[in-house]
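Notes for the structure review
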Amino acid sequence: MEEQKVHKRRVRYSGTHPKRYEEKYKEHNPEKYGDTIEKVIAKGSTPAGMHISICVNEILDFLQIQPGQKGLDATLGYGGHTKAMLECLKGQGHIYALDVDPIESVKTKKRLEEKGFGEDILTIRHMNFANIDELVSETGAFDFVLADLGVSSMQIDNPERGFTYKFEGPLDLRLNPKKGESAAERLNSVTEEELIGMLEENSDEPYAVEIAAEVMKRKRIKNPIKTTTDFKDAIETALSFLPEKERKEMMKKSCQRCFQALRIDVNSEFEVLYSFLDKLPDALAPGGRVAILTFHSGEDRLVKKAFKQGKKQGIYSEIAEEVIRPSAEECNRNPRARSTKMRWAVKNGLD
């Protein structure tokens, strides 16, 4: 006798509109509820479980992808950039895509397969783009490379991942939650001096000393930080001395900076970027093109410096002299695009 499939009811919510991430069932199903998705985007928000790719037109204009070429998306994410680049190949050529997130990369692979991009034209690897040399030893050099250094919206918005102070959840912040120590574990193992350095170096936090002191105080009284709300509360308590008129805005900015600083540390983001930029020239074929999207000044400085040195050494024939930014129209439609900077380089055609 054939087993009957048990019908699973969707999560119910109170009120007229869902507020919690897991309740937004329409936003989690963009193919079925396209009208809802468009309304959310039109209001300047990102639908839950989705990511809106940034600077797609600018990237494609620069990369000049031709059918038959071989490319690399070093940061697969939701797959929006990958999909746009695959369409340029018109069924000829191949794209390799990398991602360290074991949760989202599986979803993205399925989503792209359903759009007709199977393994004949797309290979997805669960690996860090710091190890680009390992991939190149198998594939050979690439005609084009893209690296989007931003954290994807579906990671930020999911409270279970602990990427934002706006929602209660475990303070995790790992791009790969199956590897390494969580942000909470990291916070409760660092010294006060180390934490000050982390906040200052990774996000230029002006109140690093006060925030670090509050975190250490909680450790001493056996009330360690475990959740996103705990960390937010520690930051706000540390800044309670600020004048009331400016306190709310300054607390918000410090929360953003401190979560960013901790995320960069937990995922070794600067070390990963150093490694990628160092190995990048050997990953590009003669005349190969690379575009990199950055989202804060530390990343942009590293990319700018690497490209300038590469041009000076004759590795790159051309580099972006000025950053490319998203249009005002794109920023209005997607506020998360506002901090984006794009830099590019072209490898010397003589190899």
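The coordinates are above.
Presented here is an overview of the structure given in this document.

**A few points about the packing of helix α10 (residues 228–238) against helix α11 (residues 244–266)**
Interaxial distance between α10 and α11 falls to 10 Å at its minimum, and their mutual angle equals 130 degrees. Between α10 and α11, the angle falls in the class oblique. Crossing hand, α10 versus α11: right-handed. Along its contact with α10, which presents Thr 228, Phe 231, Lys 232, Ile 235 and Glu 236, the element α11 presents Met 251, Ser 254, Cys 255, Cys 258, Phe 259 and Leu 262.

**Points about helix α13 (residues 297–312)**
Residue pairs spaced three or four apart in an α-helix point in one direction, given the helix's 3.6 residues per turn. The end-to-end C-alpha distance of α13 is 22 Å, a good match for the 22 Å that 16 residues give at a rise of 1.5 Å each. Gly 298, Glu 299, Asp 300, Leu 302, Val 303, Phe 307 and Gly 310 are the residues of α13 that are buried. Packed against the buried residues of α13 are α12 (269–283), β5 (284–294), β6 (316–319) and β7 (341–347). Looking one or two places after α13, you find Gly 314, whose phi comes out positive at around 85 degrees.

**Observations regarding the environment of Leu 239**
Topologically, Leu 239 is positioned in the loop between α10 and α11. In contact with Leu 239, not counting residues within four places along its chain, are Tyr 207, Ile 211, Arg 247, Met 250, Met 251 and Ser 254.

**A short note on the sheet that holds strand β4 (residues 142–148)**
Strand order in the open sheet made by the seven strands is β3-β2-β1-β4-β5-β7-β6, with mixed pairing throughout. Each edge of the open sheet is held by one strand with a lone partner, namely β3 (122–125) and β6. The average undirected angle you get between the axes of adjacent strands in this sheet is 15 degrees. Note that β5 and β7 share six bridges and pair antiparallel. Each residue of the ladder has a partner; that of Val 290, found in β7, is Ala 345. On the sheet, helix α2 (residues 56–63) packs against β4, β5 and β7 and is oriented at approximately 165 degrees with respect to β5.

**So, the pattern of salt bridges**
Note that side chains of opposite charge can pair when their charged atoms are close. Summed over all chains, the structure comprises 16 salt bridges. The salt bridge involving Glu 104 is made with Lys 107; its shortest N-O contact spans 3.4 Å. Linking Glu 104 with Lys 107, this pair stays in helix α4 (residues 104–114), spanning three residues, or about one helical turn. The shortest N-O distance in the salt bridge between Glu 205 and Arg 257 comes to 2.9 Å. Taken together, the residues Glu 205 in the loop between α8 (192–203) and α9 (208–220) and Arg 257 in helix α11 connect sequence positions 52 residues apart. Just as Glu 205 is buried, Arg 257 falls in that class too.

**Description of the packing of aromatic side chains**
Going through the model one piece at a time under the given rule, you end up with seven aromatic pairs. By the ring-pair criterion, three or more aromatic residues cluster together here, those being Tyr 165, Phe 231 and Phe 259. Above the face of the Tyr 78 ring, Arg 111 is positioned so that its terminal group lies 3.7 Å from the ring centre.

Criteria and cut-off values
Residues numbered from 1 in each chain as written. Predicted model: local features only at pLDDT ≥ 70, side-chain atom pairs only at ≥ 80, totals over all residues. Heavy atoms only, no water. Axes fitted to C-alpha atoms, helices over the stretch in contact; angles between N-to-C directions. Helix = DSSP H or I, 4+ residues; strand = E, 2+ residues; numbered from the N terminus. Parallel < 35°, antiparallel > 145°, perpendicular 65-115°, else oblique. Left-handed = near helix turned anticlockwise from the far one by under 90°. Contact = heavy atoms within 4.5 Å. Expected span 1.5 Å × (residues − 1). Buried < 20%, exposed > 50% of the residue type's maximum accessible area, 1.4 Å probe, protein only. Pairing = 2+ DSSP bridges. Salt bridge = Lys/Arg side-chain N within 4 Å of Asp/Glu carboxyl O. Phe/Tyr/Trp six-rings, centres within 6.5 Å; stacked < 30°, edge-to-face > 60°. Lys NZ or Arg CZ within 6 Å of the ring centre and 35° of its normal.

Everything listed here is a matter of geometry and, on its own, says nothing about what the molecule does.
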